Amino acid sequence: MTNSRMNPKVDEFLSKAKQWQEEFKKLRDIVLDCELTEEFKWMHPCYTFKSKNIVLIHGFKEYCALLFHKGALLKDAHGILIQQTENVQAARQIRFTNVQEIAEMETILKVYINEAIEVEKNGLEIIPKEHKEYIIPKELEHKFAEIPALKTAFEALTPGRQRAYILHFSQPKQSKTRESRIEKCMPKILDGKGLNDCTCGLSQKKPNCDGSHKNIR
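Attention in this report is confined to the structure presented alongside it. (Residues numbered from 1 in each chain as written. Predicted model: local features only at pLDDT ≥ 70, side-chain atom pairs only at ≥ 80, totals over all residues. Heavy atoms only, no water.)

### Observations regarding the pairing of strand β1 (residues 37-41)
What counts here: Note: two strands are recorded as paired if DSSP finds a minimum of 2 bridges between them. Numbered from the N terminus, helices here are DSSP runs of H or I no shorter than four residues, and strands are runs of E no shorter than two.
Bridge analysis of β1 against strand β2 (residues 44-49) gives five bridges, and the strand direction is antiparallel. Among the inter-strand pairings, T37 is bridged to a residue of β2, identified as T48. The loop that links β1 with its antiparallel partner β2 comprises two residues; one of these, W42, has a positive phi angle of about 55°.

Set out below in structure tokens:
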């Protein structure tokens, strides 16, 4: 397919993709048919309308996806939009595991993309919801009392990093498991790092860790 709107940076991205290459190409063809501008943002193909982000193509180990930046505003008539985590307010994904699946959904995908374009044309915006107050688990409170430096380091973290740790520590039902998680994370907290921050120094997506350290094992 030859298209004057194809971005050379996306061509390079696709040529180097070790996973989901054919799926990415098919998704690209579908999105470009919707007359969007192809850009390369956040290390992935991103498609815009009058400089407004509409949809992003990205891949994970188990699936590849179209990510709609304001997916929460779409009607989702087919019930296929996925909220990646409970803290993501605006973006929604449609996930795929093979090219055939994408081909069969082409018509539906174009409807969703065109609806996302209309959202931008109409100037619709997501109204952020206030984050509920997070309750510090008693196991963490005990550690703070035992190690004052841990409490000081934790309070020095950004609110987002604090929330991530509290959610991580609070998830297990058993107290022993919560204590174990806290013990494992203590060095990172004392070092001023967030739950997902890179500690190996090899990540290309700092401060987050992209798993690059696994390549040296």
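### Describing the pattern of salt bridges
What counts is decided by this rule: Every case where a carboxyl oxygen of Asp or Glu lies within 4 Å of a side-chain nitrogen of Lys or Arg is listed as a salt bridge.
All chains considered together, the criterion is met by 17 salt bridges. E125 serves as the salt-bridge partner of K70, at 3.2 Å between the closest nitrogen and oxygen. Linking K70 in the loop between β4 (64-68) and β5 (92-96) with E125 in the loop between α4 (106-121) and α5 (138-146), this pair joins segments that are 55 residues apart in sequence. Each member of the salt-bridge network shares a partner with another, and the members are K26, D33, E106 and K110.

### Some remarks on unusual backbone geometry
Operational definition: We call a residue buried when its accessible area falls under 20% of the maximum for its residue type, exposed when it is over 50%, and partly exposed in between, using a 1.4 Å probe and counting protein chains only.
One non-glycine residue, E35, lies in the positive phi region at around 65°. For E35, the location among the structural elements is in the loop between α2 (21-32) and β1. Using a relative accessible area of 57% as the deciding quantity, one classes E35 as exposed. One non-glycine residue, D76, lies in positive phi territory at about 55°.

### Considering the environment of I82
Inclusion rule: Every residue pair with non-hydrogen atoms within 4.5 Å of one another is taken to be in contact.
Examined against the element boundaries, I82 turns out to sit in the loop between β4 and β5. Each residue touching I82, except ones within four places of it in the same chain, is listed here: R92, Q93 and R95.

### Here we look at the packing of aromatic side chains
When we look at a pair of aromatic rings, we describe it by the centre distance and by the angle of the planes. We apply this condition: The rule is short: rings of Phe, Tyr and Trp, with Trp giving its six-membered ring, pair when the centres are within 6.5 Å, and they are stacked under 30 degrees, edge-to-face over 60, tilted in between.
A full pass over the atoms with the stated rule returns seven aromatic pairs. Measuring from ring centre to ring centre gives 5.4 Å for F144 and F154, while their planes differ by 50°; the resulting arrangement is tilted. In this pair, F144 is assigned in helix α5 and F154 in helix α6 (residues 148-156), connecting sequence segments ten residues apart. The same class applies to F144 and to F154, which are both buried.

### Observations regarding the side chain of R28
Within the secondary structure, R28 sits in helix α2. With near-sequence residues (within four places) excluded, R28 lies in contact with M6, N7, V10, D11, L14, E38, Y47 and I57.

### A closer look at the nonpolar core
The test is simple: Definition of nonpolar core: a set of buried residues of the types Ala, Val, Leu, Ile, Met, Phe, Trp, Tyr and Cys, connected through side-chain atoms within 4.5 Å.
Judged by nonpolar contacts, the single largest core of 33 residues is most densely connected at L36, L66, F68, F96, L109 and I113. Residue assignment for this core shows that the elements contributing at least two residues are α1 (8-16), α2, β2, β3 (52-59), β4, β5 and α4. Sort the elements by how many residues they give to this core and α4 lands first, with six residues. For I113, the residues in contact, after removing those within four places along its chain, are I30, V31, C34, L36, I54, L66 and F68. In this structure, L140, A153, L157 and L167 belong to the second largest nonpolar core, which totals 15 residues.

So, to be careful, I would describe these as geometric facts and stop short of saying anything about function.
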